[in-house]
Amino acid sequence: MPTVGLANTIALKSFGERTDKFPFVRAFGTLGWITAGLIIGWAGLSASPEIFRVAAVVSIALGLYSFTLPNVTADAPRDESVLRQVFCVEAFGLLRQRSFLIFMTCATLISIPLAMYYAYASPYVGATGINNVGGTLAIGQMSELVFMFSMPWLYRRFGVKPLLLVGMAAWALRYALFAIGDGGSSLWAVYLGVALHGVCYDFFFVAGAIYTGTIATPKGGERAGAGNADAVHVRRRDAAWIADRCAVVCAIARIADHRRLAAYVVVSRNRRGGDRAAVPVHVPRRHQEDRSMTGMKGPGIFLAQFLGDGAPFDTLDGLAEWAAGLGYVGVQIPCNEQLIDLKLAAESKTYCDDLRGGLAKHGIEVTELSTHLQGQLVAVHPAYDTLFDGFAPPDLHGKPAERQLWAVEQVKLAARASANLGLSAHATFSGALAWPYVYPWPQRPVGLIEEAFAELARRWVPILNVFEEAGVDCAFEVHPGEDVHDGATWERFLAAVDNHPRARLLFDPSHFVLQQLDYLDFIDRYHDRISCFHVKDAEFNPNGRTGVYGGYENWVDRAGRFRSLGDGQVDFSSIFSKMAQYGYDGWAVLEWECALKRSDDGAREGAPFIRDHIIRKTERSFDDFAASGIDRSAIRKLLGLSEERS
């Protein structure tokens, strides 16, 4: 056994970050187990002591083979004491989570009779009169491999809890079958009990390992995780234990290009050190390949317009599953208590890891958090007090001062929550004090706009400082109704906050169409401050009745109106080209708003639209093939210059 463990460790570590190799290696391990069982049974060695000679010979062969394995570097020392590592302090610390404690308790109780099964299954099967014991027990491994095919779909469809319950029930049923399977006419119970191994093992231990993978998260690139009933101490970066149990699922998922449950390594920011650490999460392979070619990520979808009271739109998990089914790989989450406990997210990395893990099982990441409503309330002109009360809790209605303090605290919490989620940017609104005076009639008094932006800065600078501490960009959406609604007002705001490094932009071209602004020139001017990107369409068709201001008409009858993606006038080919040109490496997120089309149709069409527009940047110049290879001396001769003197 020490040889097996050491050989496995060296072999798995030799793969480095090539996590795509893990599934196939583990799948062949299961096939090897089946093959060995069939051979032992066929040779009639199931009840013979000769099997120990076979095991000895194979062990010697494995030991000799191990000398051919590649050299691998030892793990770097962990940033915790040796005693903490020896006693698995971080792993056992996970038991503070109630759900994980219940899972571990169940796993421990199930593993007690499991040990008995491993010890006595072979003599039991032989005692029932079955001669080919090894071949019979191999049915269990065959069942395990077969049931792996259903795991991606089942895990996506039902989640971890139903699978665990079915797995536990299968163990009880299995032992009941063994109790009545005493040979003769009841041999069917023995065979069925053995065949249930696939359900017992896959539905409990594999599903449990995936669940453990969402709980045990890295700390500075690695963190201890709790495994099965033995509370195995796992380094998540290498993920050997988890990969060992999840590998067949991942292999099948990858072969089928299953977008829900294929495990790959992505990069996330570590809040404390600002470094980048490898984190195993579930991301579709094709999008990993796309991201290696371009900095832009996507497609993502903003959930605000789809949040509802009925399934699947009433929970984050339901929305994530729905979005994944449409082809999205990221969700922008509005800071709504229905989707996220903002205070807990700001205080608890574990809560954020659980949230990310819940999304990861659907192949979804968090793109950004959004405090559009709370950001709006940071600065509200009294004319809008009553209307904006609806954005705040009921106990703050009619209390503008208390409402403003609440909004400020909410945005600060969002900064800290974003850091705990490993995000680099946050989406919000600036609020508005000067908006009622946007069209100067009567004439604005001198100094009014300057004072409005000075007050806006006084309110936002302390918030921006919190974003700086968290290492997260605060991206203001340029939007009519906000004091920051075009390039000129952005420049005013940026000057007022003294060019704060965390004051950034959320670029949404639809609002430029409705204002008749040049959105491509905006990218040229301010691309170095763009941290978020809403992919939203619009059209502007003025006539003799309405123009930019809309004439108080409803959205259908306005000259300028938002349209579903691809139905409007925005030149997205040029926009994505500009963003690629300037190296935008954030998310492309659909924000759906349309006066005509159904939201479900718009969401369905949005994912392929964004994916098709993301530009995979070339790694070489298009005319490299014509390079002449002329050296410096020849170049000087071409220019009519003499040879350089040494």
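Residues numbered from 1 in each chain as written. Predicted model: local features only at pLDDT ≥ 70, side-chain atom pairs only at ≥ 80, totals over all residues. Heavy atoms only, no water.

## Things to note about helix α9 (residues 160–180)
Relative to the 30 Å expected for 21 residues at 1.5 Å per residue, α9 spans 31 Å between its end C-alpha atoms, a close match to the ideal helical length. Turning to α9, its buried residues are Val-160, Leu-163, Leu-164, Gly-167, Ala-170, Trp-171, Arg-174, Leu-177 and Phe-178. One side of α9 holds all its buried residues, which, seen down the axis, span an arc of 140°. Opposite the buried face of α9, by more than 90 degrees, sit the exposed residues Lys-161, Leu-165 and Ala-179. (Helix = DSSP H or I, 4+ residues; strand = E, 2+ residues; numbered from the N terminus. Expected span 1.5 Å × (residues − 1). Buried < 20%, exposed > 50% of the residue type's maximum accessible area, 1.4 Å probe, protein only. Arc of directions from axis to C-beta.)

## Details of the nonpolar core
Buried together is how nonpolar side chains tend to be arranged in soluble globular proteins. Core analysis: the biggest nonpolar cluster contains 97 residues, and Ile-301, Ile-333, Phe-507 and Phe-533 have the highest contact counts within it. The element contributing the most residues to this core is helix α20 (residues 448–470), with 11 residues. Counting residues in hydrophobic clusters, the runner-up holds 34 residues, among them Ala-107, Val-133, Val-160 and Leu-164. (Core = buried A, V, L, I, M, F, W, Y, C linked by side-chain atoms within 4.5 Å.)

## Some thoughts on the packing of helix α7 (residues 133–148) against helix α10 (residues 187–195)
What describes two packed helices is the angle between their axes and the distance between those same axes. At their nearest, the axes of α7 and α10 sit 7 Å apart, and the two run at 40° to each other. Between α7 and α10, the interaxial angle falls into the category oblique. Facing Thr-136, Leu-137, Ile-139, Gly-140 and Ser-143 of α7, the residues of α10 in contact are Tyr-191, Val-194 and Ala-195. Partitioning the contact of α7 with α10 into residue classes produces five nonpolar, three polar and no charged. (Axes fitted to C-alpha atoms, helices over the stretch in contact; angles between N-to-C directions. Parallel < 35°, antiparallel > 145°, perpendicular 65-115°, else oblique. Contact = heavy atoms within 4.5 Å. Nonpolar A, V, L, I, M, F, W, Y, C, P; charged D, E, K, R; others polar.)

## Quick look at the packing of aromatic side chains
Note on aromatic pairs: each is described by the distance of the centres and the angle between the planes. In the structure shown here, the tally under the stated rule is 20 aromatic pairs. Arranged with centres 4.7 Å apart and planes meeting at 65°, the rings of Phe-512 and Phe-522 form a pair that is edge-to-face. Taken as a pair, Phe-512 in helix α22 (residues 510–515) and Phe-522 in helix α23 (residues 519–526) lie far apart in primary sequence, 10 residues in all. The pair formed by Phe-512 and Phe-522 is uniform in burial state, with each residue classed as buried. Linked through ring pairs, Phe-507, Phe-512, Phe-522, Tyr-526, Phe-533, Phe-576 and Tyr-584 together constitute an aromatic cluster. The positively charged end of Lys-536 is found above the aromatic ring belonging to Phe-562, 3.9 Å away from the centroid. Taking the ring centre of Trp-555 as reference, the NZ or CZ of Arg-558 above it sits at 4.0 Å. (Phe/Tyr/Trp six-rings, centres within 6.5 Å; stacked < 30°, edge-to-face > 60°. Lys NZ or Arg CZ within 6 Å of the ring centre and 35° of its normal.)

## What to know about helix α24 (residues 572–581)
Looking only at α24, the buried set comprises Phe-572, Ile-575, Phe-576, Lys-578, Met-579 and Ala-580. Tucked inside the fold, the buried residues of α24 contact β10 (503–507), α23, β11 (530–535), β12 (537–540), β14 (587–590) and α25 (599–613). The first or second residue beyond α24 is Gly-583, which carries a positive phi of 75°.

## A word on the confidence of the model for the protein chain
Mean pLDDT for the protein chain: 80, with 78% of residues reaching 70 or above. With pLDDT under 50 throughout, residues 217–294 is counted as low confidence; its partners more than four residues away or in other chains account for 225 contacts. (pLDDT = per-residue confidence, 0-100.)

## Focus: the sheet that holds strand β6 (residues 330–334)
A barrel is described by the order of its strands in space; here eight strands give the closed sequence β5-β6-β7-β8-β9-β10-β11-β14, paired in parallel fashion. Here the average twist between neighbouring strands, direction ignored, is 30°. Here α23 sits on the sheet in contact with β10 and β11, set at roughly 155° to β10. (Pairing = 2+ DSSP bridges.)

## A closer look at the environment of Gly-544
Relative to the elements of secondary structure, Gly-544 occurs in the loop between β12 and β13 (560–563). Once the C-alpha coordinates of Gly-544 and Ala-559 are considered, the two residues, 15 residues apart in sequence, prove to be 9.9 Å apart.

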